[in-house]
Structure formats: C-alpha cells, structure tokens
Amino acid sequence: MNKKAITLIFSIWASLALISVNAITVTRVEPANWWTGMKNTNLQILVYGPEISKASLKIKYPGIKVLNVSKTENPNYLFVYVDIAPGTKPGTVPLEFTNGADRFTYNYPLEARTDKTGAQGFSAADVMYLITPDRFANGDPGNDNLEDVSVNRQNPNARHGGDLEGISRHLDYLKDLGITTIWLNPVQENRMPGGSYHGYSITDYYKIDPRFGTNEEFKAFTKTAHDKGLKIVMDMVLNHCGSSHWWMKDLPAKDWINNNGVYVQTNHATVSVMDVHAAPSERAAFLNGWFVRSMPDLNQTNPHLAVYLIQNTIWWIEYARIDGIRQDTYSYLDYDFLARWNREIYAEYPDFNIVGETWYNKSTSSAWWQKNSRLSNKDSDLKTPMDFSLTFITQSAFDSKTDNGYLNNIFEDIAQDFIYPDPYNVLIFLDNHDMTRFNRKDETDLKRFKQGLAFLLTTRGIPQIFYGTEILMTGVKEEGDGNLRKDFPGGWPDDKTDLFSKSGRTEMQNEAWDYLQKLLQWRKTSPAVTEGKMIHYAPRNGVYVYARVKDGHTVMVMLNSSLADQTVKTDRFSDITGSFTTGRDVITSAAYNISEEVTIPAKGELILELGK
Ligand code: CA
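Residues numbered from 1 in each chain as written. Predicted model: local features only at pLDDT ≥ 70, side-chain atom pairs only at ≥ 80, totals over all residues. Heavy atoms only, no water.

Novice: I'm lost on the overall build of the chain in this one. Help?
Specialist: Looking only at helices and strands, one finds 15 helices and 26 strands in the chain. Relative to a compact globule of 612 residues, whose C-alpha radius of gyration would be 25 Å, the chain shows 28 Å and is just as compact. In the chain, which comprises 612 residues, the proportion classed as buried is 58%. Within the chain, contacts between residues at least 6 apart in sequence are counted, and of these 73% link residues at least 24 apart. Put simply, the chain shows about 24900 Å² of open surface, and 52% of that area lies on carbon and sulfur atoms. One finds the centroid of the 64 positive side-chain charges in the chain at a distance of 4 Å from the centroid of its 74 negative side-chain charges. (Helix = DSSP H or I, 4+ residues; strand = E, 2+ residues; numbered from the N terminus. Rg over C-alpha atoms; globule rule 2.2 N^0.38 Å. Buried < 20%, exposed > 50% of the residue type's maximum accessible area, 1.4 Å probe, protein only. Contact = heavy atoms within 4.5 Å. Areas by Shrake-Rupley, 256 points an atom, 1.4 Å probe, with all protein chains shown as cover. Lys, Arg positive; Asp, Glu negative; His and termini not counted. Charge placed at Lys NZ, Arg CZ, Asp CG, Glu CD.)

Right, here's the structure in full:
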C-alpha cells in the first residue's frame, strides 16, 4: 500500500471518528414515557448523554410547549420541562437535538391515560400483609443468578431467589387466609455488591429488579392481584439511593446528594425535626447525614431532583396502578418536599393512601406527622403514620407468664389518641421486617398469639401482619435482620416442607393459621370493626374491655391478661351493651348471655358480636 492510500484511509477513518465524537448521543431518558390527560400538565424529562447540554432542543408537537431547558454544572444532563395542554393527542413526540451540523431525534412516547382501575387506596377495612419478596417464594429459578448478583440460601444476608412470580402463585393462599392488601418491600433494582436482598438500596428508580421480574411482569402482577380482589402497596425509598445507583458515577449536580456526595453518617436523631429544644446542628446532621455508607442521602431540596422523585412515584402509580405506598425512613426526608409529594399524588389520585415510616417511641411524634395535625405549624399531608408506640407495648403486653400483663399500658397508650387528627387511620402492627418477630422463639402455647392477633384485628387502625406470622415464624433482631426475614418453607422447589399447605403444617401451626383465618375472614364482614367508633374501659383485674360500634352493629372485645379465669359483671359496660343481651363468639360461634356476667378464660379473649 502506498503512502497516499494510507493517508486517504487514515483521513476517512479520522473523519468518521470525528463524526462519532461529535454525534449527539442520548444514553438515557427518564421517565421513559408519560401520559396525556394528567391533572398536572407539566412534565420533566431527564436527558443524559455525553455533553448533551451543548445541543439545542426543539419540540414541535401540537399541544406541547417547551417551558424550560435547564442545565446543571454537569454538561451530560439536560432537564427539559414541557407543558402538555389538555386535549393533547397521544403519539410520538420528537425531541429534536441539534449541535452544529449534528442532528438527533429522540422519539418520546406520549401515551393515552386509559386504565382507570387500581389506585384504590387502603383503609381500616383492609389488612395489610408485608412480604419481603426475596424471601417468600421462588417462582422463577431462571432469574436467580443475574448480572453480578448470585443466590446463596445458606447466607441470611444474601439473595435467596424469591420473586414476583412466586408471590403471584400464592395470591390465592393469601386470599384464602383473609388478607386484602399486600405490601412489598422495595421491588426496584438493587444491583448492589452483596445482593441487597431487602431492596432499600435502589440503583434504578424506574426499573423492577430483574431478580424479581420485569416492569411488565410487575404491572401484570398488580393486575392479577386486582382481578382477585387484592390490593398492592409499593415501598418507596426517596430518602436515599444505593451507592451503585447509575447516577453516582456522574452526578447531575454537586448538591444532588447531601454533603456534596461525600459520606457522613446521620445521627438518626429522628425527633430533632419536631423537638423545640433541638440543637440546630443536630437537626442538620440528622437530615443531611447518610443512612449508612452504602445509601447516599438524596437532597430533595434540589428542585430538579424533587420533581424527578415526585414524577417517579406518579409514573409507578399510573404505569402499574398500585393502590398505595409505604414511604421508607419518613422523617429523614425534607419536610416541605414530603408535603408537596403527598399533595401532588393526592391531586392526581384522590382515593390513594400513603403510610409513612414514622418510627418513634411516642405516639406524639407519629401524630405530629399526620395530615391536619395541630402539633405542627405546617401540614405534611401524610394520611397514615405508623403507630410504633403501640407496637412496642404489644410486644410485652401479652406475655404468657406475666400476671395481669401490660394491658393497662395498651389502654393508656390508646387513651392518648386525642393527639392524632385521625386515630382510625394509623398503621398498627405487632412486628415488621425490622423488628423481632411477635413469635420471638418457639412458644409452648398459642394464648399469646391469639390475644395479640385478636387485639390487632379489632382495635382502631389499619392492621399490618408480617409474612409467616400465620405459621408461627420466629426471628430475633439480635441475631441479625436476615433472621427476621426467613424463607417461607414451601416457597422453593427443593423445600422439604410446604407450610403453604395444611398437610405440611404442624398441628400447632394449623391451630394458629385457622384462628387467624377465622378472624380475618370475619373482620371483612364487620362494619363495626372496620368503620366503627371505639369505646374502651380501664382494665380491672387484668381484664381490658372495649367495643367497636357502627350503625347498630356492636362488637365487644374482652382480653384477660391474668393467670386465672375472670368473671366480670356486665353492668359496668352498659355504654356498650345497651339493650343487647347476647353475644356470639366470632371464632367458635358459641352464644353467650351477657345480661349479667361473662367469664373470660385465663390469658384468653372473647370477641362477641352483640345481639338481642
Ligand atoms: Ca427467582
């Protein structure tokens, strides 16, 4: 080859290389699509690509107006804000980028808002069943070992292979038990070293973790649940992302992550946001510190990030028609952001419900967060806080060896309900994925189990049950979080026992399961318990009596925490009993004459539907 030819080839190669360097490249656009007919007509489109901010953008599409094309100090990002006028037709919206002679068109899908099912919200008429998706059932072993994450069921902190298909196959089991609503620990991508099986280190907010399934499979899962009359609550984590999140390698802005993207530990001083004596430095250290090193703390006061996160939530509701949200580490987020997030969601979906993880020892702090609270000078618009205070009391209230137990503590705690704007709309639970299980270790009798569940499912509030409670699954926090989130036996193809089926369970497990099923199935039919007012009496001789009352329906609950049978005169409870003379036990269907006295067995309970 002569020198001239080599020069020619080189110059062709160089010009091609030049084109590819200068060519406009878009590597990521979020959200991947949007819809016409949303109440909020504004849309932010994040565009990511090498030096994309040097390109100019035009959009010609009837009804769409570009409001702002915003740049940050990172040239690889553009935040495009458009208005989608009412009546705009669905279609493909061309985002036309030009940079000198280079042109690139990204076809953005604008879809019709057609599916009006779902987004139902949840209420005290529901019972929520919390599932750790990695640990419930493995319906698709084919998705177990993907990318750089592999399954190891011997390691309590590794991935175990559970997935959406596994849960889907057990929806009938849950329906049979009497559950109405499923709360899933986060299902978005956690492509983290070590697996991050729990889901709280999100690495892509718009993607279902491929080890659980695809976005399409999640949408189909929600639809299947709805077809069976079940609701789905999605766990959202907007306080922090995972350290392997795609944007951590090239942050859109220095202040995208608190403390300029450098790890500083939060002090977990959750009360500092409401404490009138809090040192300002402690409050700032709480809000701006990271939850742990592997969870960078998102700065929701960055205006682009705030819109990004709100849109992401609305995208999931609209895309998958989920019915509710549980927001993680609620108090760690920026207050004004949370208020705006709630308001924008409820503006789009008025029936929706959101529960916030308001983890406090005292109910005053949880109540501070609830919508319409008089305790705060601003309104966070959170409909449902979590009542951790009651949880901590119930963990010891039903102990089998303690005479008279701690029922008085329950009574006194609930007597503080004046602090809540709406005490009927708080989430109540005996345990969850972060706490020692209600069945701490193998119990020798079921009295504590029955009292605890009877109380949970008849007092005020929205009850939540952790998966495995019905088969007496045990777990102690001191032995590690993985121990609280054991695999449900029978969920894996090679499991030797199947506790999803009656024949696989022990006699004791079946007694617990059957009791819970009776309670749950009955609860669905009782307007008194699901909608009724609560009236209670101070415990005497270890007996706590309360009622739920609605439109002539009255349910009277009597819990005996003492070690002896207790016979109580019923004239003291005339506010409840009125002209009723009989009570039907909702578990055994036995009839009681309540006109004079009732005997409650030692460490037992009666749930009576009153009649004449
Ligand atoms: Ca799997």
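We are not done yet, so read on.
Novice: Looking at this structure, how should I read the sheet that holds strand β21 (residues 553–560)?
Specialist: Within a beta sheet, neighbouring strands are joined by backbone hydrogen bonds and run either parallel or antiparallel to one another. The antiparallel open sheet is built from six strands, whose spatial order is β19-β20-β21-β26-β23-β24. In this open sheet, the two strands that pair with only one neighbour each are β19 (533–540) and β24 (591–593). Ignoring which end each strand starts from, the neighbouring axes of this sheet average 25° apart. Across three bridges, the pairing between strand β23 (residues 582–585) and β24 is antiparallel. Looking at the pairing, T582 lines up with N593 of β24. Across the sheet, helix α11 (residues 447–456) touches β20 (543–550), β21 and β26 (605–611), and the angle it forms with β26 is around 40°. (Pairing = 2+ DSSP bridges. Axes fitted to C-alpha atoms, helices over the stretch in contact; angles between N-to-C directions.)

Novice: How should the coordination of the calcium ion be read in this particular structure?
Specialist: Four donors placed tetrahedrally around a metal ideally meet at 109.5 degrees, and six donors placed octahedrally ideally meet at 90 or 180 degrees. For the calcium ion, the protein coordination sphere consists of N138 (OD1), D140 (O), N143 (OD1), D144 (OD), G161 (O) and D163 (OD), at 2.3 to 2.7 Å. Considering all six donor atoms around the calcium ion, angles at the metal cover 62 to 163° and the coordination shape is irregular. Within one chain, the residues donating to the calcium ion are spaced in sequence as N-x1-D-x2-N-D-x16-G-x1-D. Assigned by exposure class, G161 and D163 land together as buried. (Donors = N, O, S within 2.8 Å, 3.2 Å for Na, K, Ca; no water. Tetrahedral: all angles 85-135°; square planar, octahedral: opposite > 155°, others 65-115°.)

Novice: What is the right way to read the layout of surface pockets from this model?
Specialist: If a probe the size of a water molecule is rolled over the atoms, the empty space left behind becomes visible. In this structure, the largest pocket encloses a volume near 390 Å³. Around the largest pocket, the lining comprises 20 residues; the ones closest to its centre are F291, T329, E357, W359 and D434. Looking at the lining of the largest pocket residue by residue, the class counts come to seven nonpolar, seven polar and six charged. In this structure, the second largest pocket spans a volume of roughly 270 Å³. Residue lining of the second largest pocket: 14 residues in total, with V273, R283, Y335, W368 and K378 positioned closest to the centre. Considering only residue class, the lining of the second largest pocket consists of seven nonpolar, three polar and four charged. (1 Å grid on protein atoms, 1.4 Å probe; cavity = no way out; pocket = protein on both sides within 12 Å on 5 of 7 lines; lining within 4 Å. Points joined across faces, edges and corners; volume = space filled by probe spheres on them. Nonpolar A, V, L, I, M, F, W, Y, C, P; charged D, E, K, R; others polar.)

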